Amino acid sequence: MSKTILHIDLDTFYVSVERLNNRELHNKPLLVGGTGDRGVVAACSYETRGFGVHSGMPMKMARELCPDAVVIRGNAGDYSKHSDVVTEIIKEYVPVFEKSSIDEFYADLTGMDRFFGCYQYASEMRKKIIKETGLPISFGLSANKIVSKIATNEAKPNNQLKIDEGLEKPFLAPLSIKKIPMVGDKTYQTLRNLGLRQVRTVQEMPMEVMQRVLGANGGVIWKRANGIDNTPVIPFCERKSISTERTFDKDTIDVNRLRGILIAMTENLAYQLRRGDKLTACISVKIRYSDFNTYSKQMRIPYTSADHILIPKILDLFKNLYNRRLLVRLIGIRFSHLVSGNYQINLFDDTEEILSLYNALDNIRKRYGDKSVLRASGMGAKTIGRMHNPFNGLPPVVLAHRKM
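Residues numbered from 1 in each chain as written. Predicted model: local features only at pLDDT ≥ 70, side-chain atom pairs only at ≥ 80, totals over all residues. Heavy atoms only, no water.

A. Fine view of the nonpolar core. Among the nonpolar cores identified, the biggest contains 33 residues, and Leu-6, Ile-8, Phe-13, Ile-90, Val-94, Leu-109 and Met-125 are the most heavily contacted of them. Mapped by element, the contributors of at least two residues to this core are strand E1 (5-10), helix H1 (13-21), strand E2 (30-33), helix H4 (76-93), strand E6 (104-108), helix H5 (118-133) and strand E7 (137-142). With sequence-adjacent residues up to four places away left out, Val-94 is seen in contact with Ala-107, Leu-109 and Met-125. Judged by nonpolar contacts, the second largest core, of 28 residues, contains Ile-283, Tyr-289, Leu-317 and Phe-318. (Core = buried A, V, L, I, M, F, W, Y, C linked by side-chain atoms within 4.5 Å. Buried < 20%, exposed > 50% of the residue type's maximum accessible area, 1.4 Å probe, protein only. Helix = DSSP H or I, 4+ residues; strand = E, 2+ residues; numbered from the N terminus. Contact = heavy atoms within 4.5 Å.)

This is how it looks when you write it as structure tokens:
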């Protein structure tokens, strides 16, 4: 049976949500992301793109290119709520779907042509999402995920496009090679240096030539250029790690402040582990100095999710890693080698009081939020926290790097 894969994308999602909240922002150039000079553009309206602005760009550069743009910091919690509403509608309509990001979905409609016209069915779902949320949405429909994603991008803004089976190559042929997912700026420049501009040229080349130029990635790009993709729709993907990091508006050498932030980070991530019934066996600390040199150090530990075990080990890693005595631009921590399970009691170190304390603190956080209870040493890092359980099977909310 031939497959039918739907790709759904909420157009300029963060911008659209901000405009729902404030009608005065309609038709105005709008940037969402970090508001400081070191902020990053998380989303930008179509009005700014004519000035060369794009997501991922430093906010300072975006402001210079489009000085009339309205800059908004963004609210991850608000975006999550709107995304959840869309998710529930899609869940009602389709048998299998994959939420690949907060504003992007894949759905497998294979076999539904026996009961409905897949394109008509997807169109009705899109109309319902627009009616109930007020958010613009585009979709692409084809035989695989890659072609559907490219079709969605060609349909934008706020439109839909179907690519019939067998017409994938003709549809892709006239497009720029930059339209192929996985072709970033560096790969694009490499291909342009070879005289490649359109997907058609890649289709006419032997796969071996692409592999010689780009290695294994060359073969993947060649297949995508020819509309070949057998990637299944995956409804759930278990996380293998959890991390957090902070970039400072001004580089700092205040060791006490850095230690306090690391403690707050560790405390929050340890709570996330317990909330998701997870344990970690590998921890790491990352430091980026003012000269942009980045260093990290990791340590294997017995499986745990307890603050009083993790915090001293994180601080030890930091002490061993921070030896250049330069201004620090960014710090972060990461827990990996995650497994399911509850905290194992240490017969020699743990007491009933410690276990009861964790239980009480976690109950308070579940009821009043991650930041409702903090260690005094981490009070200077109140921006650290999460809006949802990171182990609920949904992708994280990706905003521009938050600042201290």
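Moving on, there is more to tell.
B. Quick look at the sheet that holds E2. One open sheet holds the three strands; their spatial order is E3-E2-E4, and the pairing between them is mixed. The open sheet has two free edges, formed respectively by strand E3 (41-44) and strand E4 (70-72), since each of these has just one partner strand. Strand-to-strand twist in this sheet, taken as the mean axis angle between neighbours without regard to direction, amounts to 25°. This element, H1, spans E2, E3 and E4 of the sheet and lies at about 110° to E2. (Pairing = 2+ DSSP bridges. Axes fitted to C-alpha atoms, helices over the stretch in contact; angles between N-to-C directions.)

C. Spotlight on the state of the cysteines. Scanning the model with the defined rule gives zero disulfides in all. Cys-44 supplies the cysteine sulfur nearest to Cys-66, a cysteine that is in no disulfide, at a spacing of 9.4 Å. Residue Cys-66 is classed as buried on the basis of its relative accessible area, which comes to 3%. (Disulfide = S-S within 2.5 Å.)

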